[in-house]
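Topology and contacts: notes
Residues per chain are reported as follows:
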Amino acid sequence: IIKKTGVWFHLRRYRGRFGLVAGGPLFLAAVVLLQNLVWDVHYVDMTRHQQVQIGEALYEAGVFEGMWMNQEQLQAAEQQLLQKAEQLGWLSLNFEKGRLVVESAPAQPMPDIEGDETIDLIAAEDGRIISTNIQEGFLLRTAGQTVSKGEVLVSTHKEDRNQIVRSAHAKGTVTALVQKTYRCEQPLVYTAQAATGKTSSHYQVRWAGGEIPIGRTAQPPAGVQVSACQRQLTLAGFALPFTLEETLWVGYDAQEFQLSQKAAREFARYACQKALWEEFPDAQVKTSEETETWGQNVFVYEWTVQFTANIAREQRVE
C-alpha cells in the first residue's frame with residue numbers, strides 16, 4: 001500500500017486529540033457566558049462630574065466592570081442608586097452583551113404648595129414701609145408707616161362694617177427700610193483639625209468573584225480620614241474585568257492657628273454679611289458703618305447696615 005486517501009484516513013492522524021474538536025464549541029460557549037460580565041459602562045448625555053458621581057454610586061451598589069450581571073442584580077442596583085441619589089428624578093440601567101448603558105435625568109423641583117393654615121404676616125424687624133404687594137389678606141399697614149418687630153402687617157381676619165368677620169389667606173410682600181447692627185466675634189487663636197502630611201495608600205483588586213488585597217491589610221487608626229477611588233484596569237486600550245481600588249489614609253491632628261489682622265477682619269466681615277443674607281435673602285444694602293474692637297485673643301466686628309428687604313413673615317393664628 002503506497003498511499004491511502006479519503007476522509008477517514010485523513011482524520012485518523014488526529015485520533016486522541018479531542019481538544020481540537022472540543023476547542024471550537026468551548027470557545028463559543030465562553031463567548032456566550034462572558035456576555036454576562038460587565039465589560040463596559042456607557043453614560044448617555046452626562047457631564048464628567050455626573051459620570052463620576054453615578055460611577056461611585058454604582059460601585060458602592062456593587063456594579064462595576066468585571067462583575068457578573070443578571071436582571072435581579074440590575075434592578076436592585078437601580079433601586080439602590082435612586083435611593084442614594086436624591087437629585088436624580090429618573091434613572092435607567094440597560095445591560096446587553098457585556099455593555100451597561102446608564103441613562104438618567106435630574107429631579108425637577110417640586111412646586112410650592114400653598115398651605116391651608118390660618119396665618120398672619122408679621123414684621124420680622126423694625127422699619128419703615130417702602131412698598132407693599134399683597135395678593136390676599138387684609139393690609140393693616142401702608143407705605144410710609146413705621147412698624148415694630150412682631151407687629152401684624154397683613155391679617156387673615158377682619159371685621160366689616162356690619163361686624164361680620166371676613167377671612168382670607170394672608171399672602172404677599174412688604175418691603176421696608178431697616179437698620180440693624182450685626183456683631184461678630186472672631187478668635188485670633190483657634191484650634192482646628194489639619195492634615196499632618198502623613199498619607200498611606202492601600203490597594204485591592206476587585207472582580208466578579210470577590211476581591212484580592214495587595215499587601216497587608218489593616219484598620220485605619222484614629223485621626224485618619226479615609227477616601228477611596230477606583231480605576232479600571234486596561235490592556236492595550238481594552239477594559240479588563242478587574243477594578244483596582246485605592247484607599248488613601250490622610251492623617252489629621254489638632255493644630256493651633258494664629259490669624260493675622262487682615263484674615264480676622266475678613267472672616268468676621270463675611271460672618272456678618274452671611275447673617276444678613278440668611279435672614280433677608282433679598283436685602284439691598286443702602287448704607288453701612290463698621291466698628292472694630294481688638295482684644296487680646298478676640299476681634300469684635302460690628303456692622304451697622306441700612307437696607308431694604310421684605311420683612312413680612314408668616315405666623316400661625318390659633
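As a reminder, the structure under discussion sits directly above these lines.
A short tour of the structure in this document, coming up. As a convention, each chain's residues are numbered from 1 in the sequence order in which they are written. Where local features are concerned, this predicted model is filtered to residues with pLDDT of at least 70; where side-chain atom pairs are given and counted, the filter is 80 or more; whole-chain, interface and lining totals use all residues. In computing side-chain values, all of the structure's heavy atoms are included and hydrogens and water are not.

To continue, consider the pattern of salt bridges. Only one rule defines a salt bridge in this text: a Lys or Arg side-chain nitrogen within 4 Å of an Asp or Glu carboxyl oxygen. Taken as a whole and assessed by the stated rule, the structure comprises nine salt bridges. Arg-265 is the salt-bridge partner of Glu-292, the closest N and O atoms lying 2.7 Å from each other. One end of the pair, Glu-292, is in strand 16 (residues 284-294); the other, Arg-265, is in helix 5 (residues 261-279), with 27 residues separating them in the sequence. Across the salt bridge formed by Lys-274 and Glu-278, the nearest N and O atoms sit 3.9 Å from each other. Taken together, the positions of Lys-274 and Glu-278, both in helix 5 and four residues apart, correspond to about one turn of that helix. Taking the relative accessible area as the measure of exposure, Glu-278 reaches 57% and is therefore exposed. Connected via shared salt-bridge partners are Glu-125, Lys-180 and Glu-279. Numbering goes from the N terminus for both helices and strands, where a helix is a DSSP run of H or I of at least four residues and a strand is a run of E of at least two. Three exposure classes are used, based on accessible area relative to the maximum for each residue type with a 1.4 Å probe and protein chains only: buried under 20%, partly exposed in between, and exposed over 50%.

Attention now moves to the environment of Trp-68. Position of Trp-68 among the secondary structure elements: in the loop between helix 3 (48-60) and helix 4 (71-84). For the pair formed by Trp-68 and Leu-37, sequence separation is 31 residues and the distance between their alpha carbons is 4.7 Å.

Quick look at the state of the cysteines now. Our working definition of a disulfide is a cysteine sulfur pair at a distance within 2.5 Å. All told, the structure shown has one disulfide when counted by the stated rule. Note that Cys-184 is cross-linked by a disulfide to Cys-272, the S-S spacing being 2.3 Å. Placement of the pair is Cys-184 in strand 11 (residues 171-187) and Cys-272 in helix 5, with a sequence separation of 88 residues. As far as the burial class goes, Cys-184 and Cys-272 line up, both buried.

Side chains of a nonpolar character, in soluble globular proteins, are inclined to be buried together. Judged by nonpolar contacts, the single largest core of 29 residues is most densely connected at Leu-153, Tyr-182, Leu-276, Phe-280, Trp-303, Phe-307 and Ile-311. The set of elements that each furnish at least two residues to this core consists of strand 4 (119-123), strand 8 (152-155), strand 11, helix 5 and strand 17 (298-310). Here this core gets six residues from one element, more than from any other, and that element is strand 17. Those residues in contact with Leu-276 that lie beyond four places of it in its chain are Tyr-182, Ala-283, Val-285, Trp-303 and Phe-307. Val-38, Val-41, Ala-61 and Leu-91 belong to the second-largest nonpolar core, a separate cluster that totals 20 residues. Here, the term nonpolar core denotes a set of buried Ala, Val, Leu, Ile, Met, Phe, Trp, Tyr and Cys residues that are joined through side-chain atoms within 4.5 Å. Here, two residues are considered to be in contact whenever any of their heavy atoms come within 4.5 Å of each other.

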